[in-house]
Structure formats: structure tokens, C-alpha cells
Amino acid sequence: MNEILYIYKKNRYLRMGTIMVGFLVLVAIFAHVIAPFDYDEANRDVRLEPPSSDHWFGTDEFGRDVFSRVLYGSRIALRVAILGVSIQVLIGVTLGLISGYFGRVTDQIVSFLADLTWSLPPIIMSMAVISIIGKGLDNTIIAISVVSWAQYARVVRAKTSSLKNMAFVETALAYNESHPSILFRYILPNTIPSIIVLVSLSIPNTIMSTTALSFLGLGAQPPSPDWGLALSSSILYLLNAPWLAVFPGIALVYTVFAFNLLGEGLRDLLDPRLRAR
Amino acid sequence: MLTYTARRLLQGILLVIVVSILVFSMLHLMPGDPVELITDRKVPPEVKAEMKRQYGLDLPLHQQYLRWVKNILRGDFGVSIRSKTSVAATFKHRIPVTLKLTGTALLVEFLIGVPLGLLAAYKKDSFFDRAVITTSLLFAALPSFWIAVMLIMVFGVHLRILPLSGFSSAKHYILPVLSIALGGIAGMLRMAKSEVLDVLNERFVFTAYAKGLDKRTVLVKHVLYNSIILILVMFFLSLPWIISGAVIIENIFVIPGMGGLMTQAIINQDMFVVQGCVLIISILTVLSNILADLLIAALDPRIRVSLSEGES
């Protein structure tokens, strides 16, 4: 316990990041309690009203409360983070373990695929995937994630190929343990610190890309309170209702910044060597 | 060097071939028959069968692929389903626009980011260093499209000094280029700083000082030259991200480039246009990656040596 307190005292990024992300998670969980209105509750009488005591962030073109919509938007951001990163981890870690452990042709194929997705523009590739599987928030999350697992695969591959020559793996082999058992019981646990760091570093990118695609009209569809969607519809009202563009944007920047801080903090804590890159 | 160039080109060609196979299969991965996508429901089945033959969709897949590649090599990307015009003709107008936009943005990033990074490294831990790095961290968290919306709000709507959309005069460049570059400058300068710091700690820098060279000569001839190489690498490697950024920004400012075209094509399910866009942007990216690698190899004697050693 004292150790944890000491870490928190020393690691400023981690402290700030945890607080900011924790606040975001609380907002997302209790959005329905905090929000004064429902996110799709339209009131014709208060269209495009500036911020007031009734509507803290003003109202949009349908008379919906922007404050409530921004709060509910945090749920979408977290959904993107959880779903997106799970897919990336599943693909990247599995491929990384397999290619690092078995080497040879498997390794070459996986490395080639990783290089392929790594070197092409992610937004373009996800747009190509969306053109196949269709628009929508979940499809967008899938599209982003199937093209952004390369970093997981690379890091896990490197760890695995150095771990597999360690004595404890050789011992396991001598005791006739099966390959899957060695991979999951001996090697995977040793890669988890690196994976945690990568997760926290890839969350902001995933959220940013998904929001960008929603902004382009390919992701979340109306009346979703998605921040990207809110920003793209705000462009029409920039002159009369700038609050429509300001608040969802601030929420997005807050979220990205919070996860960035957390990621930096975790990196210092868990994997100092990654820092050099 | 020659073998390295050849090998790097070969890798690039392999990459392009794999991408082309993926792009080709997009049409077949989509739910439903390609002909159904192109035609109306009312079109009689005989006409559809005829179209299938005409497009070669009744052939085995590998023959279809070869046919498709042959057409593309001849500059035939098919016909847009929506506008019924040749996709290649549309590209001819659109590609230069995107290249101009991304090129200008990259240049701005480079010209602002690198000098700031050099200064920050040189004056490490000073007030200037900390101010620049903190600002850049903040900008890195700002999504380009939000920057764009804010810039439009300030300069286009309220001050009314810059145009909001289109791409006809130099003034039209300012807001889109800034939107793309602001985030990129942040990345570029942090990278430049860390590269310069690395070089400052190299042994040849100490050697240069030990030889009795003055500070200026060391910084310009040794540190700057060696940092530029490393920075150039990142410069080319960041190209895919800049292109991604341009896709979004083009939509906001209604710039008639590849990004706007591609977004509309996806929404309209205009498959041939999407295929063409993905293929062209991918090839551009692969090319710039190869260029980056060759450039480094040509400029840095150490990499050149390690390459030729690796080959023997």
C-alpha cells in the first residue's frame, strides 16, 4: 500500500491521468443521473439558445440540451475505447505471440501484415473497410481496430522471441508442456506490462480516429450524442451558435489528453525502456 | 547501395501487389453481387447477365484480377456509378489538389517544427524549452477537425478575413494548411528535439569539440547535419498521417481533392471510385516510404556501411 502511495507521489502524469480518466468514467456511468435532460429530448421552443442557467452549454438546432448530450457522449467515447482496444489486443497480441514463438514463415507473414497496416494511412484503410461493412459506430470501431493492431503485434513479438529462450520456458518444454500452454501460462503473463502501456497509449488514437470518422458522417449516426457528429453539424451554425462547436470539442480534447497523461504515467511506471523510443 | 535499392524496391512492389489484391477483393467482399450494386433493381436479369459478361465478372477470380490490373495500368479505373464519368478523369483533377495541400502542410510543419525543436534541444530545460514542449503536448491532443472548426469560427465567420471553403487562391490555403499542420508541428518539434539531443550526446560531437572546433561549427556542421537525416526519416514516415489528416480537412473546407471524393464515394457506395482512391493513396504512401529509406541510406554513411555489411 505504501509503495502505491509512493508511486503516486512521484509520478505526476499517472496521478493527473488517473484523476482525469476516473472523472470521465464517473461521468459516463452516471450520465443519466447528472444530465438534466435526455440526450435526444428536443424542445422546439428553445432552439439554438446560448448557454444559460437552464441549459449550461446552450441548446442545439433541435432544441436539445448540449450539456446533457456532451455528458452522454462520454459513454460513446468509453465504448470506443473498450471495444476498439479489445479488438486490437485480441488481434495484435495473438499474432505477436504466434509469430514471436514460432518464428520462420509465420513470423515473416505476420511481420509483413504488420508492416502493411503500419505503413498505410489508417483513416484511408478504415474508410476502405467501412465501404465494405457499412457505416455506423460499431462498424467504425471495428474498421479502425482491424488496421491498428500492428504495434501490439510488434512489441509482443519482440518480447516473446526473447522470452522463449529463457530457462523457464526450456524447463517447461522439458516437462513436455504443450505450446499453447507455454504461450499462455508462461510467456503471455510476462508481456502484460507492455500490453497495458500500449493499451493506454492507443486509446487516445482510437477515440480520435473514430470521432474523425463520425465527423465525416461514416461513424455514429443521428441522433447519437457522439462528439464528432455534434462537431460536424455545428459547422452550419458557427456564426449564431458557436457553443455547439466549442463544448463537444473541449470534451473530446479533455478525453484524449486524460488518456495521454495516463499512458505516459503508466509507461514510466511499467516499462521505462519504451520511453527511449 | 545498389542491392539495397533493388531490395527496397522489390519490397515496395510486393506491398503494392498485396494492396492491389486487397483493393480488388473489396468489390467481392461487399455483401451482394457487384452488378446489383451498380444497377437498379428494375433492370431485367438478361441485361444483368450481359453486364456481368461485359465486366468480366463471370470469369474466375484470378483472371478477373489480372484483367483489372491491366485496365488500371492502362489508366482505366472504371466508371463512377453515380456521376457516370470516368474515374481516371476525376482523379486527374483531384490528385494535384491533395498533393498541393499535403505538400504545403508538410513544408509548414517542417519549417516551423524543426527549428523550434532544435532550439528547444539546444536550450534544454530553459523556460523556452518547457514552454514550447508544453504547448506542443496540448496541440497534440487537439483533433485537426476541431482546430479547423475553431479556425473557421474565428477567421472566417467572426473576423471574415479568410475564405471558408474552396481552393482557388493562396488565401484559401491558409486555414486548411494550418488545421493540418498545427498538430503535426507539435509532433515534429518534439521529435526534432529528441533526435538533436541524441546527436548532441554522440561521441563524434565530443571529438569535434576536442579537435578544437568552435561551437558554431560543431552545431551546424555536425549536429545539424546528422539530425536532419533522422528528421528526414520521420518527415517521410509522417506522410501517411498527413494524408489521413488531409482527408478530413478536405471535407470541412470543401476542397476538391481525393479526401472529399473518397468520403462521398463511400457514402454513395460508389465502389470503383473508392477502390481507385485507396489504391492511389496507398501507392503514394509506399513510394514515399521507399524514398525515405533510400534518402537515409544515401545521406548517412553509418547506415550505408551497416547495410553493405548486412548484405555480405
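Residues numbered from 1 in each chain as written. Chains lettered and ligands numbered in written order. Predicted model: local features only at pLDDT ≥ 70, side-chain atom pairs only at ≥ 80, totals over all residues. Heavy atoms only, no water.

Here we come to the overall build of chain B. Tallying secondary structure elements over chain B gives 14 helices and zero strands in all. Reading chain B from its N terminus to its C terminus gives the helix and strand order α-α-α-α-α-α-α-α-α-α-α-α-α-α. When its C-alpha atoms are laid out on the principal axes, chain B stretches across 85 × 65 × 30 Å. The buried share among the 312 residues of chain B stands at 46%. With an accessible surface of roughly 16000 Å², chain B has 67% of that area assigned to carbon and sulfur atoms. Each charge class in chain B can be summarised by its mean position, and for the 29 positive and 20 negative side chains these summaries are 6 Å apart. (Helix = DSSP H or I, 4+ residues; strand = E, 2+ residues; numbered from the N terminus. Buried < 20%, exposed > 50% of the residue type's maximum accessible area, 1.4 Å probe, protein only. Areas by Shrake-Rupley, 256 points an atom, 1.4 Å probe, with all protein chains shown as cover. Lys, Arg positive; Asp, Glu negative; His and termini not counted. Charge placed at Lys NZ, Arg CZ, Asp CG, Glu CD.)

Let us look at the domain arrangement of chain B. All names here are of chain B. According to the domain assignment, chain B consists of domain 1 (2-74) and domain 2 (87-297). In this assembly, 18 residues from domain 1 lie in contact with 15 residues from domain 2. Between domain 1 and domain 2 lies a buried interface of about 1500 Å² when both sides are counted; carbon and sulfur atoms form 82% of it. Along the contact surface separating domain 1 from domain 2 lie one salt bridge. Two residues, Arg8 and Asp293, come together in a salt bridge whose shortest N-O distance is 2.5 Å. Of all elements in the fold, only helix H1 (2-29), helix H2 (34-38) and helix H4 (61-73) reach the threshold of two or more residues within the side of domain 1 that touches domain 2. Broken down by element, the residue count for the side of domain 1 that touches domain 2 peaks at 13 residues, all from H1. In the side of domain 1 that touches domain 2, the residues fall into 14 nonpolar, three polar and one charged. (Domains from an automatic or database assignment. Contact = heavy atoms within 4.5 Å. Buried area = accessible area lost by both parts, 1.4 Å probe. Salt bridge = Lys/Arg side-chain N within 4 Å of Asp/Glu carboxyl O. Nonpolar A, V, L, I, M, F, W, Y, C, P; charged D, E, K, R; others polar.)

For interface size, the figure often reported is the accessible area lost on association. At the junction of the two partners, chain B supplies 43 residues and chain A supplies 36 residues. Of the roughly 3400 Å² buried between chain B and chain A, counting both surfaces, carbon and sulfur atoms make up 85%. Contact with chain A buries area across many residues of chain B, yet B:Phe145, B:Trp146 and B:Ile266 alone supply 17% of it, more than any other trio. One can count zero salt bridges joining chain B with chain A. The interface formed by chain B and chain A contains one residue pair in polar contact (both at pLDDT 80 or more). At the level of secondary structure, the elements contributing two or more residues to the side of chain B that touches chain A comprise H1, helix H6 (127-140), helix H7 (144-158), helix H11 (239-252), helix H12 (258-267) and helix H13 (271-299) of chain B. In terms of residue class, the side of chain B that touches chain A is built from 35 nonpolar, seven polar and one charged. (Polar contact = N/O pair within 3.5 Å; in protein donor to acceptor, adjacent residues only side chain to side chain.)

To continue, consider the side chain of A:Thr210. Among the structural elements, A:Thr210 can be located in helix H10 (residues 179-215). Each residue touching A:Thr210, except ones within four places of it in the same chain, is listed here: A:Val80, A:Leu137, A:Thr140, A:Ile141 and A:Ile144.

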